[in-house]
Amino acid sequence: MNTQWHTIESSGAAQPPLSVRVYKSGGENRTPPLVLYLRGGSFLEQGGQCPELPVARALADNGAVVIEADYSTTSCNEFPAVIDCAFEALDCLSNHRKQYGSAKSLLFVAGEEAGGNVAAGLALKARDRMPGKLAGQILLSPMIDPLMASTSFRDADKIGMRQRWAEGWSHYLAKACGFAHPYAAPCHCTRLNRVAPALIFTAEDDPLRDETVNYAGRLSDAGVQVRQRVFPAGSGWTGLYRGEGGKWLSSVCAEFSDFVQDLKH
């Protein structure tokens, strides 16, 4: 099932229309969770007519309504325009829940790799600008540490990502004052309390494992509800960076379903 991109009007008069595509199935869920999904691409790829994302499609096939937002084209993949664009998409989705699901649908933000950075930063901004409206954040190997100095990151060359990630960080932060802003590099944020509950994924052989696990730990230490899944080495998780799925998709969907149920009860 292929989805089509379309534009929606942003809530800010000065903002250009947002380009999104909706993944959904023909299920009977009257209050489906709504997920704003942000793709990876290392802050180097343009959005638009890209192939469907395996995780977004799998979540939709399991009952969620997933709205993928093209945060990169209008923002040129530069901070802070990326966060501003993503926040407009989240605010629009929050204000039009009935259009996609139900007024009672829980609202989530999810992202993989570079999109995981944006999702984490967006969860912080949502705490500050629209408190109480975001039910949770789903981070899949978020690319959140521009220092790139962790032990696990040494394996980035094994999957051909070290140079790409370095170039991506350089591009993303080109107009920022270093990486001090918490929305730009959430792992360096010193105030994580009251941010939305988190569901976080990585794998033992993932170069972004350490920064992902460390961020999960810091969220938990700040009193944030965290569910974390670390897949075993050899599970094929790093295919995520090439737009590939795998057997782990069913586990991601199961964890998400449990996460939603926990938040409901």
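Structural notes, computed from the coordinates. Owing to the predicted nature of the structure, the values given are computational and were not obtained by experimental measurement.

Further remarks concern helix α1 (residues 54–61). Within α1, six of the eight residues are buried, which leaves it mostly tucked inside the rest of the structure. Restricting attention to buried positions, one finds in α1 the residues Val 55, Ala 56, Arg 57, Ala 58, Leu 59 and Ala 60. Where α1 is buried, its residues contact β2 (18–23), β3 (34–38), β4 (65–69), β5 (107–112), β6 (136–140) and α7 (248–264). Backbone geometry just after α1 places Gly 63 at a positive phi near 110 degrees.

Here we take up helix α6 (residues 209–221). With 13 residues, α6 should cover 18 Å at 1.5 Å per step; its first-to-last C-alpha distance of 18 Å lies within 8% of that length. Next to the buried residues of α6 lie α4 (114–129), β6, β7 (198–203) and β8 (226–231). One or two steps after α6, the chain reaches Gly 223, where phi turns positive at roughly 90 degrees.

β3 sits mainly inside the fold: five of its five residues count as buried. Here β3 shows two buried faces, one formed by Leu 34, Leu 36 and Leu 38 and the other by Val 35 and Tyr 37. Pairing between β3 and β5: five bridges, direction parallel. By the bridge assignment for β5, Leu 36 is matched with Val 109.

Here we have eight strands laid out as an open sheet, ordered β1-β2-β4-β3-β5-β6-β7-β8, and mixed in their pairing. Two strands lie at the open edges of the sheet, namely β1 (5–8) and β8, each paired on one side alone. For this sheet the average axis-to-axis angle between neighbouring strands, irrespective of direction, equals 25 degrees. Of the pairings in the sheet, the one linking β1 to β2 comprises four bridges and is antiparallel in character. Within β2, the residue paired with Trp 5 across the bridge is Arg 21. Against the sheet, helix α2 (residues 81–95) contacts β1, β2, β3, β4 and β5, and its axis sits at roughly 165 degrees relative to β3.

What counts and what doesn't
- Residues numbered from 1 in each chain as written.
- Predicted model: local features only at pLDDT ≥ 70, side-chain atom pairs only at ≥ 80, totals over all residues.
- Heavy atoms only, no water.
- Buried < 20%, exposed > 50% of the residue type's maximum accessible area, 1.4 Å probe, protein only.
- Helix = DSSP H or I, 4+ residues; strand = E, 2+ residues; numbered from the N terminus.
- Contact = heavy atoms within 4.5 Å.
- Expected span 1.5 Å × (residues − 1).
- Pairing = 2+ DSSP bridges.
- Axes fitted to C-alpha atoms, helices over the stretch in contact; angles between N-to-C directions.

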